[in-house]
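Summary of structural features
Now for the letters of each chain:
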Amino acid sequence: MTMKADRAPSRLVFVGAGNMAEALLGGLLRAGLCPPDRVVVTDLLPERLDLFASRFGVTTSADNAEAVRGADVVVLAVKPQSMDALLAELRESLPQEALVISIAAGIPTQRIEAALGGAPRVVRAMPNTPCLVGAGVSAIAPGAAATEADLRCAERLLRASGAVVRVPEQKMDAVTAVSGSGPAYFFYFIEAILTVAEEIDLDQETARTLAVATMEGAARLLRETGLPPDELRRRVTSKGGTTEAAIGVLEERHVSASLQDAVIAAKCRSQALSRG
Ligand SMILES: NC(=O)c1ccc[n+]([C@@H]2O[C@H](COP(=O)([O-])OP(=O)(O)OC[C@H]3O[C@@H](n4cnc5c(N)ncnc54)[C@H](OP(=O)(O)O)[C@@H]3O)[C@@H](O)[C@H]2O)c1
């Protein structure tokens, strides 16, 4: 049986009621992609289950094996280090026809398939924290048995929290380096601007408003014009002007090279973590 990509799951189970599950489930319920009475959420922590029950009106359970019985879509949303124990727990009761969507960073689909046994249909997804406000981006990759309909189903559920791109699984470490860790790079920039705010005679609140709106505006300009970033940068940089003074310092201190090294370091770390 293949998943009907355009239809709401008849039993959607989230295993792990953490921050990411909260973001993704909140998005898809708000988008009306699945009624709450068809959703079951599991966790080890009773307080997380209480929160999900009261906030979303979903069914909750502390029994993973029981919860996944009869599920047609199961989202694995526990930390990577909890995955092996969880997969062993699910092996007997996970329906063979269920689509498994794993959001655990660095866990290859092959490892999930082997641990579950048989030929489970697995889609691996890498969301990022802006999913919490519906402005995330997720990359998805199919496992060996996942179908086009499975990818479309995963896409539809994740799109409720942001954009979705498809990549071959071997690109997931690079994706992690760009969009998984990526929000932190931009926060780092804003942190630097806020650190110097008083020195340039701006209060924190005004500086934060200006910096955040500028980051959002720059992102929209990139998206909506489709122009390359260096072209947009040139357009705000006049000879002898303020931007030229700023970029001159960044160039002199090799900030671009440092950022490039940072992205490569994130990818290498992701590769190392994936190897276990
Ligand atoms: N945050 C990100 O930016 C990001 C981005 C992409 C992907 N991800 C992935 O998303 C996944 C979830 O991340 P998160 O930040 O939401 O983590 P989290 O807040 O720690 O949530 C995981 C939840 O699952 C629970 N749990 C652990 N083992 C369990 C089990 N066997 N059965 C049921 N529940 C279990 C945890 O309980 P305990 O606290 O008691 O262990 C915790 O409440 C991770 O695999 C992460 O790699 C995160």
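Scroll up to find the structure.
Let me begin by describing the structure that accompanies this report. All of these numbers come straight from a predicted model, not from anything done at the bench.

The final tally for this structure, using the stated rule, is 15 salt bridges. A salt bridge links Glu155 to Arg166; its shortest N-O distance comes to 2.7 Å. Of this pair, Glu155 sits in helix 6 (residues 148-159) while Arg166 sits in strand 8 (residues 162-166), and the two are 11 residues apart along the sequence. According to the relative accessible area criterion, Glu155 is buried, its value standing at 11%. On the accessibility criterion, Arg166 (37% relative accessible area) is partly exposed.

Turning our eyes to something else, we now look at the pairing of strand 1 (residues 12-15). Residues Leu12 and Phe14 point to one face of strand 1 and Val13 and Val15 to the other, with burial holding for every one of them. Looking at chain direction, strand 1 and strand 2 (residues 39-42) are connected through four bridges and run parallel. Note that in strand 2 the partner of Phe14 across the bridge is Val41. Viewed along the sheet, the connection from strand 1 through helix 1 (residues 19-30) into strand 2 turns out right-handed. Across four bridges, strand 1 lies against strand 4 (residues 73-76) in parallel orientation. Counterpart to Val15 in the pairing with strand 4 is Leu76.

For the rest of this paragraph, the subject is the sheet that holds strand 1. Backbone-to-backbone hydrogen bonds pair the strands of a sheet. The strands run either parallel or antiparallel. Here we have eight strands laid out as an open sheet, ordered 3-2-1-4-5-6-7-8, and mixed in their pairing. This sheet does not close on itself; its edge strands, each paired only once, are strand 3 (59-61) and strand 8. Here the strands of the sheet are splayed against their neighbours by 25° on average, with no regard to which way each runs. The strands touched by helix 6 within the sheet are strand 1, strand 4, strand 5 (99-102), strand 6 (121-126), strand 7 (136-142) and strand 8, with strand 8 carrying the most contacts at an inclination of about 155°. Its contacts with the sheet place helix 7 (residues 172-180) against strand 6 and strand 7, and it is angled at close to 35° to strand 6.

Rules and cut-offs
- Residues numbered from 1 in each chain as written.
- Predicted model: local features only at pLDDT ≥ 70, side-chain atom pairs only at ≥ 80, totals over all residues.
- Heavy atoms only, no water.
- Salt bridge = Lys/Arg side-chain N within 4 Å of Asp/Glu carboxyl O.
- Helix = DSSP H or I, 4+ residues; strand = E, 2+ residues; numbered from the N terminus.
- Buried < 20%, exposed > 50% of the residue type's maximum accessible area, 1.4 Å probe, protein only.
- Pairing = 2+ DSSP bridges.
- Right-handed = clockwise from strand over helix to strand, strands pointing away.
- Axes fitted to C-alpha atoms, helices over the stretch in contact; angles between N-to-C directions.
- Contact = heavy atoms within 4.5 Å.

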